[in-house]
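Residue-level listing of the chains:
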Amino acid sequence: RRSIFVPGQRMRMNVVPMFLNVFLPWGVFVFCCGITSFWIMYAHVGIAWGLVGSVFAIWFFLCGTALWARRYEPDPTWFTYTAIMVGIMAILGTIAGRGNFKDFSERYYQVADLKVV
């Protein structure tokens, strides 16, 4: 297999990785932020952290795939960008969700459950 950087080779773009690299990190952020912001974080803390932990497990798998692609693929791939952005968005989504929960949601759920006056 020859690289696309060899003269005379036509560059073909695949739209699937482009959309995947836009929407997957966004979806990870929304998922982590949503899980750590709302009712599941209040009522089922273990399940919430388990779901967030599974996102980080998937991120570690993506990091391994990116390292493999760097070593064995002759063409540049999107795996490194995907792994970096999914990791950043998972961390930022969890931080933003915890901030939302502590500042806004937790007080509401405590009042709704009559745990505070």
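Note that the structure is predicted; figures quoted are calculated from it, not measured.

(A) Focus on the nonpolar core. Residues Val28, Cys32, Val55, Trp59, Leu62, Ala66, Ala83, Val86 and Ala90 constitute the largest nonpolar core, which totals 9 residues. Residue assignment for this core shows that the elements contributing at least two residues are helix 1 (15-37), helix 3 (45-72) and helix 4 (79-112). Looking at this core element by element, the count peaks at 4 residues for helix 3. Setting aside residues up to four positions removed in sequence, Val55 forms contacts with Val28, Phe31, Cys32 and Ala90. Residues Ile35, Met41, Tyr42 and Tyr109 belong to the second largest nonpolar core, which totals 7 residues.

(B) How the structure looks around the packing of aromatic side chains. Within the structure shown, the criterion is met by 10 aromatic pairs. Between Phe19 and Phe23, the ring centres sit 6.1 Å apart and the planes meet at 20°, which makes this aromatic pair stacked. With Phe19 and Phe23 both in helix 1 and 4 residues apart, the pair spans about one turn of that helix. Residue classification places Phe19 among the partly exposed positions, given a relative accessible area of 48%. Judged by relative accessible area, Phe23 falls into the partly exposed class, the value being 47%. Aromatic pair Trp39 and Tyr42: ring centres 5.6 Å apart, planes at 45°, arrangement tilted. Taken together, the positions of Trp39 and Tyr42, both in helix 2 (residues 39-43) and 3 residues apart, correspond to about one turn of that helix. The exposure class assigned to Trp39 is partly exposed, which follows from its relative accessible area of 43%. Members of the aromatic cluster, connected to one another through ring pairs, are Trp39, Tyr42, Tyr108 and Tyr109.

(C) View of a nonpolar patch on the surface. Nonpolar side chains collect at one region of the surface, where Met13, Val15, Val16, Met18, Phe19, Val22, Phe23, Trp26, Val30, Trp78 and Tyr81 lie side by side and expose about 1100 Å² of accessible area between them. Here the element with the most residues in the nonpolar patch is helix 1; it accounts for 8 residues. With respect to the helices, strands and loops of the structure, Val15 is situated in helix 1.

(D) View of the packing of helix 1 against helix 3. Contact geometry of helix 1 with helix 3 gives a least axis separation of 9 Å together with a crossing angle of 165°. Our classification of the angle between helix 1 and helix 3 gives roughly antiparallel. Every pair of crossing elements has a handedness; the one defined by helix 1 and helix 3 is left-handed. Residue-level inspection shows Val28, Phe31, Cys32, Ile35 and Thr36 of helix 1 in contact with helix 3, the latter providing Ala48, Leu51, Val52 and Val55. Here the contact of helix 1 with helix 3 is composed, by residue class, of 8 nonpolar, 1 polar and no charged.

Conventions adopted
Sequence order as written defines residue numbering, which begins from 1 separately in each chain. Where totals are concerned, whole chains, interfaces and linings use all residues; where local detail is concerned, this predicted model gives features only for residues with pLDDT of at least 70, and gives and counts side-chain atom pairs only at 80 or more. The basis for every side-chain value is the complete set of heavy atoms in the structure, and neither hydrogens nor water enter the calculation. Within this scheme, the nonpolar core is defined by two criteria: the residues are buried Ala, Val, Leu, Ile, Met, Phe, Trp, Tyr or Cys, and they are joined through side-chain atoms within 4.5 Å. Throughout this description, buried means an accessible area under 20% of the type-specific maximum (1.4 Å probe, protein chains only), exposed means over 50%, and partly exposed covers the range between. Each helix corresponds to a stretch of at least 4 residues labelled H or I by DSSP, and each strand to a stretch of at least 2 residues labelled E; elements are numbered beginning at the N terminus. Contacts are residue-level and defined by heavy atoms, with any inter-residue pair within 4.5 Å sufficient. For this analysis, a ring pair means two rings from Phe, Tyr or Trp (six-membered ring only for Trp) whose centres lie within 6.5 Å, classed as stacked if their planes differ by under 30 degrees, edge-to-face if by over 60, and tilted for the remaining angles. Each patch is assembled from residues with relative accessible area greater than 30% and no salt bridge, linking like charges that lie within 9 Å and nonpolar side chains (Val, Leu, Ile, Met, Phe, Trp, Tyr) that lie within 5 Å. Per-residue accessibility takes into account occlusion by the displayed protein chains alone, with areas from the Shrake-Rupley method and a 1.4 Å probe. The rule for a salt bridge is simple: a side-chain nitrogen of Lys or Arg has to be within 4 Å of a carboxyl oxygen of Asp or Glu. Note on geometry: axes are lines fitted to C-alpha atoms, helical ones only across the stretch in contact, with angles between N-to-C directions running from 0 to 180 degrees. Angle categories: roughly parallel below 35 degrees, roughly antiparallel above 145, roughly perpendicular from 65 to 115, and oblique for all the rest. Left-handed describes a crossing whose near helix is turned anticlockwise from the far helix through less than a right angle; right-handed describes the clockwise counterpart. Side-chain classes follow a simple rule in which Ala, Val, Leu, Ile, Met, Phe, Trp, Tyr, Cys and Pro form the nonpolar group, Asp, Glu, Lys and Arg form the charged group, and the remainder, Gly included, forms the polar group.

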